[in-house]
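Here are the chains, one letter per residue:
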There are 2 protein chains.
Amino acid sequence: MSIVDIILKKRNGKFLSKEEIDFFIQGYTEGTIPDYQASSLLMAIYFQKMSKEETAYLTEAMMNSGQLVNLAGIEGIKVDKHSTGGVGDKTTIALGAMVAACGVPVAKMSGRGLGHTGGTIDKLESIPGFSVELSIDQFIENVNKIKIAVMGQTNDLAPADKKLYSLRDVTGTVDNISLIAGSIMSKKLAAGADAILLDVKTGNGAFMKDIDSSFELAREMVSIGNKMKRDTIAIVTDMDQPLGLAIGNSLEVKEAIETLKGNGPEDFTNLCEELGAYMLILAKKVSTVEEGKKMIQEVVKSGEALKVFKKFIASQGGDVDYIENIDLLPKSNYVYELKSEKTGYVSQIKAMDIGIAALLLGAGRERKDSIIDLSVGILLNKKVGDSVKKGEILANIHYNDELKKVLALEKLNYAYKITKDKPILRPLIHGIVSDTGIEKI
Amino acid sequence: MSIVDIILKKRNGKFLSKEEIDFFIQGYTEGTIPDYQASSLLMAIYFQKMSKEETAYLTEAMMNSGQLVNLAGIEGIKVDKHSTGGVGDKTTIALGAMVAACGVPVAKMSGRGLGHTGGTIDKLESIPGFSVELSIDQFIENVNKIKIAVMGQTNDLAPADKKLYSLRDVTGTVDNISLIAGSIMSKKLAAGADAILLDVKTGNGAFMKDIDSSFELAREMVSIGNKMKRDTIAIVTDMDQPLGLAIGNSLEVKEAIETLKGNGPEDFTNLCEELGAYMLILAKKVSTVEEGKKMIQEVVKSGEALKVFKKFIASQGGDVDYIENIDLLPKSNYVYELKSEKTGYVSQIKAMDIGIAALLLGAGRERKDSIIDLSVGILLNKKVGDSVKKGEILANIHYNDELKKVLALEKLNYAYKITKDKPILRPLIHGIVSDTGIEKI
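Please read these numbers as outputs of a predicted model, since none were measured by experiment.

Student: Help me understand the overall build of chain A in this model?
Tutor: When helices and strands are tallied, chain A shows 17 helices and 14 strands. Relative to the globule expectation of 22 Å for 441 residues, the C-alpha radius of gyration of chain A, 22 Å, shows essentially globular dimensions. Across its three principal axes, chain A shows a C-alpha extent of roughly 70 × 45 × 40 Å. In chain A, which comprises 441 residues, the share counted as buried stands at 58%.

Student: I'm lost on the packing of helix H4 (residues 52-63) of chain A against helix H10 (residues 211-227) of chain A in this one. Help?
Tutor: Packed helices, taken two at a time, are described by their axes: the angle between them and the distance between them. All names here are of chain A. Two numbers describe how H4 lies on H10: the axes approach to 9 Å, and their chain directions differ by 65°. One way to sum up the angle between H4 and H10 is to call them roughly perpendicular. As for the relative orientation of H4 and H10, their crossing is right-handed in sense. Where H4 abuts H10, its residues Lys 52, Glu 53, Thr 55, Ala 56 and Thr 59 lie against Glu 220, Ser 223, Ile 224 and Lys 227. Along the lines of polarity and charge, the residues of the contact of H4 with H10 split into 2 nonpolar, 3 polar and 4 charged.

Student: Teacher, can you tell me more about the relation of the copies chain A and chain B here?
Tutor: Here two copies of a chain appear, and what relates them is a rotation about an axis with a shift along it. Mapping chain A onto chain B leaves a residual RMSD of 0.1 Å; the transformation is a rotation of 179° accompanied by 0.1 Å of translation along its axis. Considering both components of the superposition, the chain copies are consistent with a two-fold axis. For chain A, the residue whose C-alpha comes nearest the rotation axis is A:Tyr36, separated from it by 1.9 Å.

Student: Please explain the domain arrangement of chain A as it appears in this structure.
Tutor: In many analyses, interface size is given as the accessible surface area lost on bringing the parts together. All names here are of chain A. Here the domain parsing of chain A yields domain 1 (3-63), domain 2 (79-324 + 429-440) and domain 3 (332-419). Domain 1 and domain 2 are separated by 30 Å when their C-alpha centres are compared. Contacts between domain 1 and domain 2 engage 23 residues on the former and 26 residues on the latter. A buried area of about 2200 Å², summed over both sides, lies between domain 1 and domain 2, and 74% of it is on carbon and sulfur atoms. It is Leu 42, Met 62 and Met 63 in domain 1 that bury the most area against domain 2; as a group they hold 29% of the surface buried on that side. Linking domain 1 to domain 2 there are 2 salt bridges. Here Glu 220 makes a salt bridge to Lys 52, at a shortest N to O gap of 3.5 Å.

Student: Please clarify how the environment of A:Gly129 should be interpreted in this entry.
Tutor: Residue and element names in this part refer to chain A. Summarising the element assignment, Gly 129 is placed in the loop between helix H6 (120-124) and helix H7 (136-146). Residue Gly 129 is classed as exposed on the basis of its relative accessible area of 53%. Sequence-wise, Gly 129 and Met 352 are 223 residues apart; in three dimensions their C-alpha atoms are separated by 32 Å. Excluding its chain neighbours within four sequence positions, the residues that come into contact with Gly 129 are Gln 316, Gly 317 and Gly 318.

Student: Would you take a moment to explain the sheet that holds strand S11 (residues 393-399) of chain A for this structure?
Tutor: Strand pairing within a sheet occurs via backbone hydrogen bonds; the two strands may be parallel or antiparallel. All names here are of chain A. Read from one edge to the other, the open sheet built from 4 strands follows the order S6-S9-S11-S7, with strand pairing classed as antiparallel. Each end of this open sheet is capped by a strand with a single partner; those strands are strand S6 (246-247) and strand S7 (334-339). Where S6 meets strand S9 (residues 377-380), 2 bridges bridge the pair, whose relative direction is antiparallel. Of the residues in S9, the one forming a bridge with Ile 247 is Ile 378.

Student: Would you explain the interface of chain A and chain B in this entry?
Tutor: Listed per partner, the contact involves 22 residues of chain A and 22 residues of chain B. Taking both sides of the interface into account, the surface hidden between chain A and chain B amounts to around 1700 Å²; carbon and sulfur atoms contribute 66%. Where chain A packs against chain B, one counts 2 salt bridges. Among the ionic pairs, A:Arg11 bridges to B:Asp175, the shortest N-O distance being 2.7 Å.

Student: I keep staring at the sheet that holds strand S10 (residues 387-388) of chain B and nothing clicks. Help me out?
Tutor: Residues and elements named next belong to chain B. As summarised here, the arrangement of the 3 strands in space is S10-S8-S12, forming an open sheet in which the pairing is antiparallel. The open sheet has two free edges, formed respectively by S10 and strand S12 (416-419), since each of these has just one partner strand. Bridge count between strand S8 (residues 344-349) and S10: 2 bridges; the pairing is antiparallel. Paired with Tyr 345 across the two strands is Ser 387, which belongs to S10. The strands touched by helix H17 (residues 402-415) within the sheet are S8 and S12, with S12 carrying the most contacts at an inclination of about 40°.

Student: Explain the pattern of salt bridges here, please?
Tutor: Oppositely charged side chains may form a pair once their charged atoms are brought near each other. Enumeration according to the criterion identifies 52 salt bridges over all chains in this entry. One continuous salt-bridge network, built from bridges that share partners, spans A:Asp80, A:Lys108 and A:Lys188.

Student: What is the right way to read the packing of aromatic side chains from this model?
Tutor: Scanning all chains against the criterion turns up 11 aromatic pairs over all chains. Taken together through their ring pairs, the aromatic side chains of A:Tyr46, A:Phe47, B:Tyr46 and B:Phe47 make up a single cluster. A cation over a ring is seen here: A:Lys163 above A:Tyr28, with NZ or CZ 4.4 Å from the ring centre. Stacked on the ring of B:Phe268, the Lys or Arg B:Lys90 has its end atom at 5.4 Å from the ring centre.

Reading the values: rules and limits
- Residues numbered from 1 in each chain as written.
- Chains lettered and ligands numbered in written order.
- Predicted model: local features only at pLDDT ≥ 70, side-chain atom pairs only at ≥ 80, totals over all residues.
- Heavy atoms only, no water.
- Helix = DSSP H or I, 4+ residues; strand = E, 2+ residues; numbered from the N terminus.
- Rg over C-alpha atoms; globule rule 2.2 N^0.38 Å.
- Buried < 20%, exposed > 50% of the residue type's maximum accessible area, 1.4 Å probe, protein only.
- Axes fitted to C-alpha atoms, helices over the stretch in contact; angles between N-to-C directions.
- Parallel < 35°, antiparallel > 145°, perpendicular 65-115°, else oblique.
- Left-handed = near helix turned anticlockwise from the far one by under 90°.
- Contact = heavy atoms within 4.5 Å.
- Nonpolar A, V, L, I, M, F, W, Y, C, P; charged D, E, K, R; others polar.
- Least-squares fit on C-alpha atoms with pLDDT ≥ 70 in both.
- Domains from an automatic or database assignment.
- Buried area = accessible area lost by both parts, 1.4 Å probe.
- Salt bridge = Lys/Arg side-chain N within 4 Å of Asp/Glu carboxyl O.
- Pairing = 2+ DSSP bridges.
- Phe/Tyr/Trp six-rings, centres within 6.5 Å; stacked < 30°, edge-to-face > 60°.
- Lys NZ or Arg CZ within 6 Å of the ring centre and 35° of its normal.

Okay, here's the thing in structure tokens:
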């Protein structure tokens, strides 16, 4: 087998075999196939696309390029949830405890990565003492005992994907649906869950901006999951404005805790209930979405979800006083009130601009070695559809540095659109994709 | 300017500007743009093509990536001839002396390279003492005095092309007409001629196998030449069967000398006259093809062409006794007679198979460091259209090694097709491409 022949085959529009895709991924991971041949193959894939079969082979090969996490020691059906990422997305923090409180094991591997705010791990580190440095045995034991644990993602999880992703980023080959889907799914599959729930974000603040391509990505990932014999469902959810009210690490942890206490913002609460219901379905705890939502609502109302969250934080070294009294969590030195210059309706809050503003405040990482300021961020006072009077507060900017605030405000000016007429609201849930088809809502 | 943006622009089907193409070629030559970005851009170019303007910019940038040869010291219009390569193509050796004998300066830079047989320089080295190690001053002086000189191609001629060509070879991006045309023309333009005659081969033994793509390449190169203000004409000529009768280094030199003496094979003699006529037109020595052919025929008949050839060889250290008595030239130890197994007409001699057989005998280079056996090769006894009787000799195999002969014979078995009916002959000249349009013959 020769890599040049494989490049030519794909370039000429032919299908690659499992053996050819394995040869490429193995060779590239080991370094016998150089970057310049990989990048020309990626560009050929961009133009000629990959079939569902090829995409599954690619994903499987990337999954097998490193360690496969074995979760067999955990009792019950392990359901993993993955979000394609958005602004103000603190879902994992609240949802994990809710689902665990329903008796479903939540064994979450999470990364840090780059972004507008930190990842789930960074956010949770707002709670002093909390650590994700668990051995795999301790991780499994915690899940069996408390039903939930979060550990840092090992470096050896799908290393082929890591290498390919860096290459795609600098060779103009990021935006191909098979490569995107394969990248996400190879890591999820290597992490060892039995079933996977995908939260595919769509809109201004999402990786996929338009509805059609979001559904395409959802379909592609569900197809891979099912070909790899894992029950997989994708929910396409809105990310045109930020999720909830809080953007920033400790601000989001506060909001997640409030939501676990039953006092969360409406959209975020609804999203947790919806995603939670599908996780319960995948875990075969319930058979309908209604049943699932009800069960989630009950564990919140009874205080069971909050109790599980506290046990989880304590089991990983975190100080639970910070959960009981969220005012103890990191706070910025200053708060600036962003006021509306017009009277009318908030008809747009561009999630991407809000995210970049949060990044400029210091809430996220631009480079791998950037240091996150856990206390800064943005707290929305209005959401799309709300009426606003001139001079009324649109959002509170939590900041520590005057210059950073100025830069963030510049960005925030572009984020808002205030109109005379009340806007038509986008749905929170755009549709569900499963192996039985697509249900657009 | 960013190379990722340039890759994305081309990938998305936009035209690149002169500045962007210069940025790419300069960066790639200097090494600030790595191979993996160059190869993904090349693959994007393969799919999205380049306009005539982009192709000219690319060629100019590659031309400017190294030394530009200054031939201003040579009197008269310098016409360069370039062949896209084929089997048995010894044209430069005979044609150079013919045109020089007509008073047109021939200042030829030639390479060695890989191939079925050696390049022009290798072939000429069959004559003991002959050397192409000339300084540029000596080269110019020789051309002014004798009207012809051949020197080895400097390493610094269009280095960007050399680097890109090696990359294209291993990344599945060779066969794009703009990249092929730019590669050839950048070196021709850097070599400093005033006018360029291109011999674009077509057929089984050519780089371009079919007539349409051969004309496309011809048009592309003529377009570049004219955009770069050099009079450029392309002639599409046949390379379905080998040119002439001799394939192999010293065998071809013998045939070229015989042709200079007026005793060459019909097709090769005709090709020299045709190409020579167009070189004389480009040099403004004559104004019609008929006039040009006549002038070439006269310098052969009068012995002037042979005289110039001898002076040229002598001026570069070669022993002219070998020209007077060609039996002195390198000879193989053995000759094997390949006989026909059937009676009928020779209806095909696949040039590619003959070329590979010559390579297997040791006449060419498979790798850069291969050593050429100047004495071996194939001498055809029949050409397409000839009648042949069972047991009659089709070709003589000149060889030095029994095993190599066996391997070559295996290949030669596929080369011949003998049929009952006389085949329809392909024309030697398929058409002429100039800035005034295409004249298909």
